[in-house]
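Residues per chain are reported as follows:
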Amino acid sequence: MMRIKFTWGVLLLLPTVSLAHSQNHDQTMKHTHTNHLIKENSPYLLQHAHNPVNWYPWGEEALVKAKNENKPILVSIGYAACHWCHVMERESFENEEVAQLMNEFFVCIKVDREERPDIDQIYMDAVQMMTGSGGWPLNCFAMPNGKPFFGGTYFPADNWMNVLNGIQNAWINEQEKVKKVADQLAKGIRENEIITVKAEAEPFAVADLEKAFHLWKQEFDTREGGNNHAPKFPLPNSLQFLLRYYYFTEDQSALSQVRLTLDKMVIGGIYDQVGGGFSRYSVDAIWKVPHFEKMLYDNGQLISLYAEAYQLTKIAEYKQVIQQTLEFVDRELSLPEGGFYSSLDADSEGVEGKFYVWEKAEVDQLLGDQSKLFCEYYGITDRANWEEGNILMIQTDKKTLAGKYEISVTELEKVLEEGRRVLLERRKDRIRPGLDDKSLTSWNALMLKGYVDAYKALGDEKYLNRAIKNAEFIQKYLWKGKAHLHRNYKDGNSKINGFLDDYGFTVEAFVALYQATFNEKWLLKANDLLGHVILHFSDDQSGMFFYTSDEDDALIARKMELLDNVIPSSNSSIAKSLFLVGTYLDKGRYIERSGQMLANVKPRLEKAINYHSNWGQLYFWLANPLIEIVVAGENAMVQKRKIEELFLPNVLISGSKTESSLPLLQNRYVNGQTTFYLCENNICKLPVTKVDDLLKQLSAINTDQ
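Residues numbered from 1 in each chain as written. Predicted model: local features only at pLDDT ≥ 70, side-chain atom pairs only at ≥ 80, totals over all residues. Heavy atoms only, no water.

Draft legend 1. Main features of empty space enclosed by the protein. In total, this model carries 2 cavities of 30 Å³ or more according to the counting rule given. Lining the largest cavity we find 34 residues, and of these Arg-244, Glu-308, Lys-449, Asp-453 and Lys-456 sit closest to its centre. Listed by contribution, the elements that provide at least two residues to the lining of the largest cavity are helix H10 (236-249), helix H12 (296-313), helix H18 (441-458), helix H20 (500-517), helix H22 (570-585), helix H24 (613-623), helix H26 (641-644) and strand E18 (651-656). Per-element accounting of the lining of the largest cavity gives the leading share, 6 residues, to H20. When the residues that make up the lining of the largest cavity are grouped by side-chain class, the tally is 18 nonpolar, 8 polar and 8 charged. Around the second largest cavity sit 14 residues that line it, and Gly-269, Tyr-271, Asp-272, Phe-292 and Tyr-356 are the ones nearest its centre. Of the residues contributing to the lining of the second largest cavity, the split by class is 8 nonpolar, 3 polar and 3 charged. (1 Å grid on protein atoms, 1.4 Å probe; cavity = no way out; pocket = protein on both sides within 12 Å on 5 of 7 lines; lining within 4 Å. Points joined across faces, edges and corners; volume = space filled by probe spheres on them. Helix = DSSP H or I, 4+ residues; strand = E, 2+ residues; numbered from the N terminus. Nonpolar A, V, L, I, M, F, W, Y, C, P; charged D, E, K, R; others polar.)

In structure tokens:
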């Protein structure tokens with residue numbers, strides 16, 4: 001990534017502190033000020049609607065004002081569950097003196113990064129080019145035309161005043177230098193993700209991933225799981241890649257790293273031992289102290305990850321994590337209409353983690369005679385293991401503790417379950433963390449797929465029904481016209497056009513829902529969405545896709561998202577979607593384009609597979625013969641259960657209880673019986689009528705490979 005050097009010493013000397021995250025907003029106070037954000041429905045923007053800063057939302061009104069008055073723009077970006085965003089609000093944006101300076105010198109724009117990731121991408125790129133790091137709150141100064149020229153993350157109040165005065169001084173006295181820096185930065189932002197197009201067909205072989213895997217392996221923490229540094233993020237897509245790497249190579253080190261990481265997270269503070277669900281990351285290397293906000297996108301992906309790990313290993317604790325986390329989602333992140341909320345804050349009563357930690361005396365009072373055993377299991381002590389109280393972490397295995405207290409493991413589990421129930425009930429009386437009650441299409445799709453994957457792994461029909469309910473929510477509230485998605489929904493309103501991840505994740509979720517239900521409407525709707533993406537997001541020169549639609553107002557750069565991180569990149573999701581839908585509907589041009597996209601990123605992938613893990617999952621599909629399984633007949637839904645409860649990443653399943661016109665199902669239905677077909681490389685085995693015979697055919701193929 002390019003770095004921009006500045007000539008204004010006053011600005012270079014100002015320190016910034018990276019990172020993020022949240023606090024409750026007092027809704028009962030009388031408001032002296034009201035700004036333009038009051039008309040928005042983003043919870044994050046509404047938190048700032050009564051600042052003395054004259055905030056505008058991103059839009060024509062603010063941009064025209066900046067041009068007409070020849071004022072620089074301040075773009076301040078955060079999100080509702082962001083702790084340091086709210087610290088900066090308290091210290092600076094609620095300060096009358098600071099606000100006066102901001103209002104006089106700048107046109108101030110507030111952006112919810114979750115609603116407008118397209119804007120966040122541009123100004124985050126700029127700050128990373130200038131400082132080498134980024135985070136939220138993100139504060140970036142820009143020309144009236146939107147080109148950034150200076151920025152940082154969190155600024156303490158005194159430093160912020162110096163920044164404001166320094167920027168104003170540079171704007172008045174050195175405007176040509178400012179313009180030159182802005183032009184240089186804008187050029188860097190536009191060139192940041194240039195793709196080299198591979199003109200020739202690219203062969204894909206699993207062996208080519210071995211070097212990339214071993215490079216990544218050097219970063220494994222082989223004692224605590226995850227990567228060998230703090231803070232630690234779960235990065236579920238990376239672990240899903242490792243599951244596939246193990247499946248195709250039988251490299252035990254890949255599976256060992258997945259199991260170690262999943263096991264350590266399950267016993268750690270990053271997992272809510274009382275109420276289920278995962279926090280966003282751990283600030284330390286042992287998964288102990290979380291940054292306590294809970295994000296929908298993390299929990300949706302982690303459910304999918306634990307479901308796949310359970311399919312492969314049948315480890316009972318993974319099943320429990322899936323069940324408890326989905327109970328949390330149902331209890332705390334679910335809309336009555338069928339959608340999912342975005343996140344829970346880290347703070348309550350202005351204190352990070354207060355809602356989740358415990359004093360031993362309170363636990364003793366609640367659990368009585370059972371408290372000693374419960375506290376020993378979860379590491380609850382009088383001294384406490386964190387500055388704000390005890391973070392519950394599993395300290396011993398059940399068999400050892402049960403033996404110590406001369407009880408059975410079953411009896412111990414009953415004590416622990418009852419203790420968790422009592423603490424969860426008491427926690428209801430505490431002041432809750434703030435809820436970001438908007439719904440985002442892409443995050444809903446990740447959770448939808450999580451529910452489907454949980455159903456496949458565990459066979460619980462209620463998970464499948466919840467997934468269907470969410471898909472219907474997306475159709476009703478976020479789907480406009482034939483195949484036009486909106487990004488956001490809150491209180492009956494959805495007004496932002498969908499971005500590429502909204503389409504990609506929804507297509508993948510709908511394909512998964514088809515696989516679980518054999519209801520072809522979900523597959524056809526996925527195809528409609530891909531048609532819209534190809535029409536409105538395509539970069540015809542490279543075969544890749546822009547993050548924004550050509551229906552949107554232009555920003556200073558049209559970004560192309562390639563790197564997989566805490567969330568898979570939108571381009572890798574679309575590439576997988578093209579392959580899946582192309583295979584199901586026999587659309588060769590989809591499969592060809594998917595291969596072209598992967599070929600374009602293959603050099604990057606082979607250098608840093610950990611930042612291209614979702615691309616890596618597509619790589620396995622294209623490097624190995626894909627196995628197609630068809631289940632046709634009246635008992636198709638029942639019979640497929642033995643197949644989908646297995647971890648089979650190289651299998652695509654389709655089926656129908658009746659005749660079907662889908663390419664994979666044509667002429668496969670036999671009246672009065674359920675028939676199984678297994679095909680590889682356009683060659684099919686003899687059809688069988690027993691699922692066990694099908695599994696024998698599948699085992700023989702995998703053994704031969």
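Draft legend 2. Up close: helix H23 (residues 588-607). Given a rise of 1.5 Å per residue, 20 residues ought to cover 28 Å, and the 29 Å separating the end C-alpha atoms of H23 matches this to within 8%. Val-601 marks the point of greatest bend in H23, at about 50°, and the proline Pro-603 comes within the next four residues. (Expected span 1.5 Å × (residues − 1). Bend = angle between axes of the 7 residues up to and from the residue.)

Draft legend 3. How the structure looks around the pattern of salt bridges. The final tally for this structure, using the stated rule, is 43 salt bridges. When the shortest N-O distance is used, the salt bridge between Lys-576 and Glu-508 registers 3.5 Å. With Lys-576 in helix H22 and Glu-508 in helix H20, this pair connects stretches of sequence that are 68 residues apart. A single burial state applies to Lys-576 and to Glu-508, both of which are buried. We note a salt bridge from Lys-602 to Glu-606, for which the minimum N-O separation is 2.7 Å. Taken together, the residues span about one helical turn, with Lys-602 and Glu-606 both in helix H23 at a distance of 4 residues. Glu-606 gets classed as partly exposed once you look at its relative accessible area, which sits at 25%. (Salt bridge = Lys/Arg side-chain N within 4 Å of Asp/Glu carboxyl O. Buried < 20%, exposed > 50% of the residue type's maximum accessible area, 1.4 Å probe, protein only.)

Draft legend 4. Inspection of the layout of surface pockets at higher detail. The volume enclosed by the second largest pocket comes to roughly 690 Å³. Trp-58, Gly-59, Glu-60, Arg-116 and Asp-553 are, among the 28 residues lining the second largest pocket, the residues nearest its centre. At the level of secondary structure, the elements contributing two or more residues to the lining of the second largest pocket comprise helix H3 (60-69), strand E3 (107-112) and helix H6 (117-131). Take the lining of the second largest pocket: its biggest share by element is 4 residues, from H3. Looking at the lining of the second largest pocket, its residues break down into 13 nonpolar, 4 polar and 11 charged.

Draft legend 5. Summary view of the side chain of Ser-238. Within the fold, Ser-238 resides in helix H10. Judged by relative accessible area, which is 6%, Ser-238 ranks as buried. Not counting the four nearest positions on each side in its chain, Ser-238 is found in contact with Trp-216, Asn-610 and Ser-613. (Contact = heavy atoms within 4.5 Å.)

Draft legend 6. How the structure looks around the pairing of strand E19 (residues 675-680). Of all 6 residues in E19, 6 are buried, a share of seventy percent or more. Of the strand pairs in this sheet, strand E17 (residues 627-632) and E19 are connected by 6 bridges, and their pairing is antiparallel. The partner of Val-631 across the bridge, within E19, is Phe-676. Relative to strand E20 (residues 683-684), E19 is paired through 2 bridges, and the arrangement is antiparallel. Its bridge partner being in E20, Cys-679 is matched across the sheet by Cys-684. (Pairing = 2+ DSSP bridges.)

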